Amino acid sequence: NLNGFMDRRRLALLLNDNPYSCGDSSAPARVDWLAARAMTPEVYYTAMGLDDDLDVFASQLGVEAEQRDELDLTGAGVKRMLADVPNATDRKVGVNPQRVLERRNRANSPGTAFYRSYDFIEFPSPGTETQSRDVLLQGSDFTWDASEMIFTKCNGYMGFYLANAKGQRQRSAPAEIAIDSSKSVTAPDRCLKCHANGFIGGKERRFNQDDTFEYADHYGELATLDNGAHRNKFRPNEEYGALAKADSLRFMDAKVATGAHIPADPNRPNGDSAAILPDLIEEYRAPMSMEQAAAELGVPVDKALTDQLGTNIYFRETKDLKNPDVVVDKKPFIKRTDFERIYCRVRANMGLGGNGGAGVVQGGFRGPNGTNGANHGSQINGQGGNGQGGVYGNPNPNGTYNPGAGAERRRYE
């Protein structure tokens, strides 16, 4: 039950358009769908209240959007560095070896920080002016193509924002600049996946990762550029890195304190965290097999199901490696978005009623005196409760439940 954790307007935004509610506004939301919706860029930005104009967004966070100043609004020096990683295999984000990274203190939230990257298209369209994008020539007077911002919050967690060179909020980074496992970098899910353990520039963050690397340090060159005009507008990498490491530590401490640190390697409990939410969302959004669709609907895989899914089904072919003209396997799938769109209609057409099979994921309701309420049993779980109530009591064919022996009174949402 999220009512005690979020204000009602944000919660209503997250729960809008629940494709599995089938007209029942009180139906519990599936956790995987809820997470996926919360990390849809448009919903995320709106729920967080982040303005679509970069200047306004910066003022919301107590920073300035301009990148050429030496001091932040607290009077502290801006920690700015040129991150140059020539070896493409070491790059965590992006296809251009050059990025400018900076850190500022947030003036309206003591103890929090604002991180920003300035990114460049490595091979722009023919005729595009490129000299102004060379930081080693321009110093702090460079131009840029896209920007990623990460801000730390008072609870230790992080928020994300993407913008283009016009100062407009973006749902994803240009593919010419940032890719992650062949996927576009969208805010916030791909940002969170990449930064599941803090800031990349923090090098050897909390848990001494095995894959750490160092950026080349160009401060010496930048400090002498134009007779020292940019000396105080950039700082040595180690100054940025020390703060990034400290902020990463604070982020990981928050995850540990709230039980959100799930070790990626069970044999290293203090190792890196697994990217639980991004991985959950990626799995949820993946194309569905007929077996998965049937399980979520609570029906067998048969002709009745395929007839209902109809033209939404498409086939994936596996071809022989030695003879590409030979198909060795052909399996039916349905896109998750199509499944969401027709879910309630299919349930109605198949006479399932309520939310049926999704009740396995959503859970049921327990009525007074340790019983599962009859209305909830039939309405939410459908098909005689889908067997979910059997844990607490004996399901009857009509969806009601006999009392569960000595069961405590609880409500699952």
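Reference entry: report on the structure contained in this document. Please read these numbers as outputs of a predicted model, since none were measured by experiment. (Residues numbered from 1 in each chain as written. Predicted model: local features only at pLDDT ≥ 70, side-chain atom pairs only at ≥ 80, totals over all residues. Heavy atoms only, no water.)

## Let's talk about the overall build of the protein chain
When you go through the protein chain residue by residue, the secondary structure sums to 14 helices and 11 strands. Sorting the 413 residues of the protein chain into buried and exposed places 46% on the buried side. Sequence-distant contacts in the protein chain: of pairs separated by 6 or more residues, those separated by 24 or more amount to 59%. Split by element, the accessible area of the protein chain, about 20,500 Å² in all, is 50% carbon and sulfur. (Helix = DSSP H or I, 4+ residues; strand = E, 2+ residues; numbered from the N terminus. Buried < 20%, exposed > 50% of the residue type's maximum accessible area, 1.4 Å probe, protein only. Contact = heavy atoms within 4.5 Å. Areas by Shrake-Rupley, 256 points an atom, 1.4 Å probe, with all protein chains shown as cover.)

## Notes on unusual backbone geometry
Backbone torsion omega between Ala187 and Pro188 reads 5 degrees, so that peptide bond is classified as cis. Looking at the secondary structure, you find Pro188 in the loop between strand E8 (183-184) and helix H6 (189-194). Its identity is not glycine, yet Asp17 carries a phi of approximately 60 degrees, on the positive side. With respect to the helices, strands and loops of the structure, Asp17 is situated in the loop between helix H1 (8-15) and helix H2 (31-38).

## Remarks on the pattern of salt bridges
Summed over the entire model, instances satisfying the criterion amount to 22 salt bridges. As a salt-bridge pair, Arg80 and Asp69 come within 3.8 Å of each other at their nearest N and O atoms. On the criterion of sequence distance, the pair formed by Arg80 in strand E1 (residues 79-84) and Asp69 in the loop between helix H4 (54-60) and E1 is long-range, its members being 11 residues apart. Comparing Arg80 with Asp69, the two get one shared label, buried. (Salt bridge = Lys/Arg side-chain N within 4 Å of Asp/Glu carboxyl O.)

## Quick notes on the side chain of Ser147
Position of Ser147 relative to the elements: it lies in strand E4 (residues 146-152). Taking relative accessible area as the criterion, Ser147 reaches 3% and is therefore assigned buried. Polar contacts involving the side chain of Ser147 include one to the side chain of Arg116, which spans 2.8 Å. Apart from the residues within four sequence positions on either side, Ser147 is in contact with Arg116, Ser117, Tyr118, Asp119, Tyr161, Leu162 and Ala163. (Polar contact = N/O pair within 3.5 Å; in protein donor to acceptor, adjacent residues only side chain to side chain.)

## Topic: the sheet that holds strand E5 (residues 158-164)
Spatial strand order, E1-E2-E3-E4-E5-E6: 6 strands in an open sheet with antiparallel pairing. Every interior strand has two partners, whereas the edge strands, E1 and strand E6 (169-170), have only one. Where strand E2 (residues 98-105) and strand E3 (residues 113-119) come together, 7 bridges link them in antiparallel fashion. Bridging across to E3, Val100 finds its partner in Tyr118. Packing of helix H3 (residues 41-48) onto the sheet brings it into contact with E4, E5 and E6, and relative to E5 it is tilted by some 115 degrees. Sitting on the sheet, helix H8 (residues 237-257) touches E1, E2, E3, E4 and E5, and the angle it makes with E1 is about 100 degrees. (Pairing = 2+ DSSP bridges. Axes fitted to C-alpha atoms, helices over the stretch in contact; angles between N-to-C directions.)

## Some remarks on the packing of helix H10 (residues 290-297) against helix H12 (residues 336-349)
Running from N to C, H10 and H12 cross one another at 40 degrees; their axes reach a closest spacing of 11 Å. As far as their axial angle goes, H12 and H10 are oblique. As for the relative orientation of H10 and H12, their crossing is right-handed in sense. Contacts between H10 and H12 pair Gln292, Ala293, Glu296 and Leu297 from the former with Arg336, Phe339, Tyr343, Val346 and Arg347 from the latter. Within the contact of H10 with H12, the residues separate by chemical class into 5 nonpolar, 1 polar and 3 charged. (Parallel < 35°, antiparallel > 145°, perpendicular 65-115°, else oblique. Left-handed = near helix turned anticlockwise from the far one by under 90°. Nonpolar A, V, L, I, M, F, W, Y, C, P; charged D, E, K, R; others polar.)

## Looking at the state of the cysteines
Two cysteines whose sulfur atoms are joined by a covalent bond form what is called a disulfide. Counted under the stated rule, the structure contains 1 disulfide. Across a sulfur-sulfur distance of 2.2 Å, Cys22 and Cys344 are joined as a disulfide pair. Disulfide Cys22-Cys344: torsion about the S-S bond near -95 degrees, hence left-handed. On the criterion of sequence distance, the pair formed by Cys22 in the loop between H1 and H2 and Cys344 in helix H12 is long-range, its members being 322 residues apart. Owing to a relative accessible area of 31%, Cys22 belongs among the partly exposed residues under this scheme. Free cysteine Cys191: the closest other cysteine sulfur is in Cys194, separated by 8.0 Å. Judged by relative accessible area, Cys191 falls into the buried class, the value being 1%. (Disulfide = S-S within 2.5 Å.)

## Focus on the pairing of E3
Taking burial as the measure, the 7 residues of E3 include 7 buried ones, the bulk of the element. Here E3 shows a buried face lined by Ala113, Tyr115, Ser117 and Asp119 and a second buried face lined by Phe114, Arg116 and Tyr118.

## What to know about H2
Helical geometry: 3.6 residues make up each α-helical turn, so side chains three or four residues apart lie on a common side. With respect to burial, H2 is a largely interior element, 6 of its 8 residues being buried. Looking at H2, one finds that the buried residues are Asp32, Trp33, Leu34, Ala35, Ala36 and Arg37. Structurally, H2 contributes buried residues whose contacts are with H1, H3, helix H9 (276-285) and H12.

## Focus on the packing of aromatic side chains
Taken as a whole and assessed by the stated rule, the structure comprises 14 aromatic pairs. Here Tyr118 and Phe142 contribute two aromatic rings whose centre-to-centre distance is 5.5 Å and whose plane-to-plane angle is 70 degrees, an arrangement assigned as edge-to-face. Taken together, the positions of Tyr118 in strand E3 and Phe142 in the loop between helix H5 (135-138) and E4 put the pair 24 residues apart, joining distant regions of the chain. With respect to burial, Tyr118 and Phe142 carry one shared label: buried. The rings of Tyr44, Tyr45, Phe57, Phe114, Phe151 and Tyr161 are connected pair by pair, giving a single aromatic cluster. A cation sits over an aromatic face here: Arg316 above Phe333, 4.6 Å from the ring centre. (Phe/Tyr/Trp six-rings, centres within 6.5 Å; stacked < 30°, edge-to-face > 60°. Lys NZ or Arg CZ within 6 Å of the ring centre and 35° of its normal.)

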